[in-house]
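Below, each chain spelled out in residue letters.
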Amino acid sequence: MAKSKYEYVKQFELSDKCLPNTWLVIRLDGRSFHRFCDTHKFNKPNDVRAISLMTRCALEVMKEFSDICIAYGQSDEYSFVLRPSANLFGRGASKLSTCMASYFASSFVFQWSTYFPNTPLQYPVTFDGRVVAYPTVLDLRNYLSWRQADCHINNMYNTCFWSLVKLGKTVQEAEQRLCVGICRVLLTLCLLHLS
């Protein structure tokens with residue numbers, strides 16, 4: 001940067017360097033994805049085209065940022081894991097999250113027509129990103145277990161919900177039916193545990 005009297009403004013930038021020697025997880029999450037899915041008429045509960053597109057985007061991110069050692073995706077989110085020794089972008093959280101989120105989103109738009117050849121993209125998709133440092137392998141494993149459990153619960157609910165809708169229930173009726181069913185299951189579990 002050329003020396004100028006304005007260079008002092010650089011002092012206002014805050015460092016957001018992640019802790020060294022920790023596992024870094026960069027989790028990307030689709031913004032307003034329910035609206036995006038409805039607008040583009042995704043098949044419910046799981047659109048194979050969308051799943052394949054998300055997987056392709058994750059693959060492209062992993063090719064671009066070779067420090068990633070594992071990725072896990074579900075629904076409209078993907079988590080990318082960097083080893084404790086990784087020094088990508090000097091471990092700057094903002095740089096890691098913005099570069100990966102923008103690369104993922106641009107890959108999504110770039111690859112859209114491959115997976116949705118008969119569905120024009122109505123508007124650009126966006127993903128937010130966050131970086132979390134996990135100090136141990138156990139913490140990292142528990143993070144991935146949490147995301148997998150979330151995936152399992154959401155998939156069970158969505159499969160039941162959309163099955164009810166396809167059988168003729170309204171969205172409100174399906175929600176109420178599942179809420180009553182879940183409450184009955186929880187009550188039964190509580191009663192079994194107390195006896």
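Above this text sits the structure in question.
Since this is a predicted model, take the numbers as computed values, not measurements.

A. Geometry of the packing of helix H2 (residues 48-64) against helix H3 (residues 93-115). Between H2 and H3, the least distance of the axes is 9 Å, while the angle of their chain directions is 135 degrees. The pairing of H2 with H3 is recorded here as oblique in orientation. As H2 packs across H3, the resulting crossing turns out to be right-handed. Side by side, H2 and H3 meet where Arg-49, Ser-52, Leu-53, Met-54, Arg-56, Cys-57, Ala-58, Glu-60, Val-61 and Glu-64 of the first sit next to Met-100, Tyr-103, Phe-104, Ser-107, Phe-108, Gln-111, Trp-112 and Tyr-115 of the second. Residue classes in the contact of H2 with H3 are distributed as eleven nonpolar, three polar and four charged.

B. How the structure looks around unusual backbone geometry. Residues Lys-44 and Pro-45 are joined by a peptide bond in cis, for which omega reads 5 degrees. With respect to the helices and strands, the residue Pro-45 is situated in the loop between helix H1 (33-39) and H2. One non-glycine residue, Ser-32, lies in positive phi territory at about 55 degrees. In this structure, Ser-32 sits in the loop between strand E1 (23-30) and H1.

C. Looking closely at the layout of surface pockets. In this structure, the largest pocket occupies an estimated 850 Å³ of space. As for the largest pocket, its lining consists of 26 residues, and the residues nearest its centre are Pro-45, Asn-46, Ser-75, Asp-76 and Asn-158. Those elements that place two or more of their residues in the lining of the largest pocket are H1, H2, strand E2 (68-74) and helix H4 (137-166). Partitioning the lining of the largest pocket into residue classes produces eleven nonpolar, eleven polar and four charged. Of the volumes computed, that of the second largest pocket is approximately 190 Å³. Contributing to the lining of the second largest pocket are Ile-153, Met-156, Tyr-157, Cys-160, Arg-177, Leu-178, Gly-181 and Ile-182. Classifying every residue of the lining of the second largest pocket by side-chain character gives six nonpolar, one polar and one charged.

Rules behind the numbers
- Residues numbered from 1 in each chain as written.
- Predicted model: local features only at pLDDT ≥ 70, side-chain atom pairs only at ≥ 80, totals over all residues.
- Heavy atoms only, no water.
- Axes fitted to C-alpha atoms, helices over the stretch in contact; angles between N-to-C directions.
- Helix = DSSP H or I, 4+ residues; strand = E, 2+ residues; numbered from the N terminus.
- Parallel < 35°, antiparallel > 145°, perpendicular 65-115°, else oblique.
- Left-handed = near helix turned anticlockwise from the far one by under 90°.
- Contact = heavy atoms within 4.5 Å.
- Nonpolar A, V, L, I, M, F, W, Y, C, P; charged D, E, K, R; others polar.
- 1 Å grid on protein atoms, 1.4 Å probe; cavity = no way out; pocket = protein on both sides within 12 Å on 5 of 7 lines; lining within 4 Å.
- Points joined across faces, edges and corners; volume = space filled by probe spheres on them.

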